[in-house]
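The chain contents come next:
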2 protein chains.
Amino acid sequence: MKKITHSHRPLILITNDDGIQAKGLQQVAEFLKPLGDIVVVAPDGPRSGQSSAITVAMPLRMKVLDEQKGFCRICTNGTPVDCIKLSMNVLLDCRPDLIVSGINHGSNSGVSVVYSGTMGAVTEGTLLHIPSIGFSLCNHKADADFSPCRDLVIDICQKALNSPAWPQCVGLNINIPDTPRLNGMKICRAAQGYWTEEYDCRVDPHGREYFWLTGSFKNNEPDADDTDEYWLDRGYATIVPCSTDRSASGLLPAFASILGA
Amino acid sequence: MKKITHSHRPLILITNDDGIQAKGLQQVAEFLKPLGDIVVVAPDGPRSGQSSAITVAMPLRMKVLDEQKGFCRICTNGTPVDCIKLSMNVLLDCRPDLIVSGINHGSNSGVSVVYSGTMGAVTEGTLLHIPSIGFSLCNHKADADFSPCRDLVIDICQKALNSPAWPQCVGLNINIPDTPRLNGMKICRAAQGYWTEEYDCRVDPHGREYFWLTGSFKNNEPDADDTDEYWLDRGYATIVPCSTDRSASGLLPAFASILGA
């Protein structure tokens, strides 16, 4: 596959988990065109809930949909993380200056970050020490209005491109409430909780049961004013810095004591 | 679907990402039978690299393969996380006392924890505040010898079942070197790094390119003697406590300064 060459401008790699046709993806690419060369590498269809999944058991393919100077668009049959890996290893002739994932149709706040394919791509970029940002709008609809996100997205991406002190090993999970006018933005942590009542149980025409994933988020700390859920409810965009290191280093002594190691 | 009823003994839920037929799963179920009632709910085939992926776009199905007193075995068409969710919401009549994932065929040390379906199931159990442990043997072969893992697996699961002070919100990622005799075990953090040279590029009989995921792990800190990779190389089983909270709370001030929020 021919490498994508880029100009002297910043190189911005964009992906998502809603698929190459999603409005949120097209919108963010438009928003960011003034900031640099854009390469969109996204799944060929929806990959919601794919987390950091990678495709190991089948071969990946890519299809170039647009190849203009400063703007390319490629789809793959893989996951969001596959899109980042293919970009880094096969497509790009240099490291991107910024990775953007989204804008997701629907919230990725609270515990949803664990399951989000949008944030899987951000984790992947962060592991490679590239500034990586996931954007999500709290509106699931295919025709959601992303225009109120525009200024925020451009402002944060501009700062990520220009900041000499952008922290490595941390990606950003940015959620934007579905409102024509933001009250502001808050840097905070993810509200802890879990999903509950998760299946709609049905019977098919042949008498066999099947189960659709559904459910609702149970926030364990609804009153905590340092969490994303709290501020989204109050009309603020939320910015949660997310670590790629899962190790709970503070608990090593506790487990040493319990396990006698 | 009929709920699985259990006795007065501890209830142990077992899953994996190698699929219901994998030797490592069968072996760990055998190891743990003396400790409690066993319910195995596992994918109907390999789901390696599925991370915390959930199935949102198609219905899930389950098939009961074994239904004995104190030992049930069910397969699903979902991911490891789906298996835990179906167990909690549909199959089990009470919360399990312990969730075990594995024994994985192949290491999940270092950064692999991010992609691992084995560890996705552990994350899911941990979000529900159930003691959850992933075991992996550093041998990919289908017929790997899991017998040297036996005493370690039983010892740690027994302690997880008996400890009144088992920390919530943290699951364990346990990797076991492929050796007939362990040098011991170490509680440590995950080695940080990334995967490199990730694709084998080929051309199909019709002249179209395709890409197989491959590559090797690049350890950023090979000399750090508080990491899992370090001790696995030296013949020790490694135990990494893993948090479900991805928030990098220590970096909130840094981003507040950069982003002016």
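Rules and cut-offs
- Starting afresh in each chain, residues are numbered from 1 along the sequence in its written order.
- Whichever chain is written first becomes A and whichever ligand is written first becomes 1, with later ones labelled in order.
- The predicted origin of the model limits local features to residues at a pLDDT of at least 70 and limits the giving and counting of side-chain atom pairs to 80 or more, whereas totals for whole chains, interfaces and linings rest on all residues.
- Heavy atoms from the whole structure form the basis of all side-chain values; hydrogens and water molecules are not counted.
- In DSSP terms, a helix is any run of H or I states spanning at least four residues, a strand is any run of E spanning at least two, and both are numbered starting from the N terminus.
- Per-residue accessibility, obtained with a 1.4 Å probe over protein chains only, is compared with the maximum for each type, and a residue is labelled buried under 20%, exposed over 50%, and partly exposed between these values.
- By definition, residues are in contact when any of their heavy atoms lie within 4.5 Å.
- Buried area: the accessible surface (1.4 Å probe) lost by two parts on joining, summed over both.
- Only one rule defines a salt bridge in this text: a Lys or Arg side-chain nitrogen within 4 Å of an Asp or Glu carboxyl oxygen.
- Pairs of N or O atoms are called polar contacts if they sit within 3.5 Å, as long as, within protein, a hydrogen donor faces a hydrogen acceptor (for residues adjacent in sequence, only side-chain-to-side-chain pairs).
- Think of it as three bins: nonpolar holds Ala, Val, Leu, Ile, Met, Phe, Trp, Tyr, Cys and Pro, charged holds Asp, Glu, Lys and Arg, and polar takes everything else, Gly as well.
- Here the rule is simple: two strands pair whenever DSSP picks up at least two bridges between them.
- Lines fitted to C-alpha atoms define the axes here, with helix axes fitted over just the stretch in contact, and angles between the N-to-C directions of these axes take values from 0 to 180 degrees.
- Buried Ala, Val, Leu, Ile, Met, Phe, Trp, Tyr and Cys residues form a nonpolar core when they are joined through side-chain atoms within 4.5 Å.
- Each C-beta atom gives one direction from the helix axis, and the arc is the one those directions make.

Asker: Please explain the side chain of B:Thr244 as it appears in this structure.
Answerer: You can see B:Thr244 is positioned in the loop between strand E13 (236–243) and helix H6 (252–259). We classify B:Thr244 as buried; its relative accessible area is 7%. Once residues within four sequence positions are removed from consideration, B:Thr244 is found in contact with A:Val114, A:Gln192, B:Thr123, B:Thr126, B:Leu127 and B:Cys169.

Asker: Whenever I open this one, the interface of chain A and chain B confuses me. Can you help?
Answerer: Counting residues at the interface gives 78 residues for chain A and 78 residues for chain B. For the pair chain A and chain B, the summed buried area comes to about 7,000 Å², and 65% of that belongs to carbon and sulfur atoms. Inspection of the region where chain A meets chain B yields four salt bridges. Residue A:Arg61 pairs with B:Asp204 through a salt bridge whose shortest N-O separation is 3.0 Å. Inspection of the region where chain A meets chain B yields 29 residue pairs in polar contact (both at pLDDT 80 or more). Residues of the side of chain A that touches chain B, tallied by class, amount to 48 nonpolar, 17 polar and 13 charged.

Asker: Even after reading the chapter, I still don't get the sheet that holds strand E2 (residues 37–43) of chain A, so can you show me in this structure?
Answerer: What holds strands together in a sheet is hydrogen bonding between their backbones, with the strands either parallel or antiparallel. Ordered by their spatial adjacency, nine strands build an open sheet running E3-E4-E2-E1-E5-E6-E7-E13-E8 (chain A), and the pairing between neighbours is mixed. The strands lining the two open edges of the sheet, one partner per strand, are strand E3 (62–68) and strand E8 (184–187) of chain A. Here the strands of the sheet are splayed against their neighbours by 20 degrees on average, with no regard to which way each runs. By the bridge criterion, six bridges tie strand E7 (residues 170–176) of chain A to strand E13 (residues 236–243) of chain A in an arrangement that is antiparallel. Across the sheet, residue A:Asn175 finds its bridge partner in E13(A), namely A:Thr238. In the packing of H6(B) onto the sheet, contacts are made with E7, E8 and E13 of chain A, and the angle to E8(A) comes to roughly 150 degrees.

Asker: Explain unusual backbone geometry to me, please; I cannot follow it from the model alone.
Answerer: One can expect most non-glycine residues to show negative phi and most peptide bonds to be in trans. A cis geometry characterises the amide bond from A:Gly102 onward to A:Ile103, with omega recorded as -5 degrees. Along the chain, A:Ile103 falls in strand E5 (residues 98–105). One non-glycine residue, B:Ser51, adopts positive backbone phi at about 50 degrees. Along the chain, the position of B:Ser51 falls in the loop between strand E2 (37–43) and strand E3 (62–68).

Asker: What should I look at first to understand the environment of A:Phe211 in this one?
Answerer: Mapping A:Phe211 onto the fold places it in strand E11 (residues 209–213). For A:Phe211 and A:Glu198, which are 13 residues apart along the polypeptide, the C-alpha to C-alpha distance reads 9.3 Å.

Asker: I tried to follow the nonpolar core on my own but got confused; where do I start?
Answerer: Most often, soluble globular proteins have nonpolar side chains that are buried together. Of all hydrophobic cores here, the largest spans 44 residues; its most connected members are A:Ile14, A:Leu32, A:Phe135 and B:Leu259. Once residues lying within four places of it in the same chain are set aside, the contact partners of A:Ile14 are A:Leu25, A:Val28, A:Ala29, A:Leu32, A:Ile38, A:Val39, A:Val40, A:Val41, A:Val100 and A:Gly102.

Asker: Could you clarify how one ought to interpret H6(B) in this entry?
Answerer: In an α-helix, one full turn covers 3.6 residues, which means residues spaced three or four apart are oriented alike. Of all the residues in H6(B), the buried ones are B:Leu252, B:Phe255, B:Ile258 and B:Leu259. Along the long axis of H6(B), the arc covered by the buried residues comes to 130 degrees, so they all point the same way. For H6(B), exposure combined with an orientation more than 90 degrees from the buried face picks out B:Pro253 and B:Ser257. In this structure, the buried side of H6(B) is in contact with helix H4 (150–162), E7, E8 and E13 of chain A. Where H6(B) ends, the next residue or the one after it, B:Gly260, has phi of about 65 degrees, a positive value.

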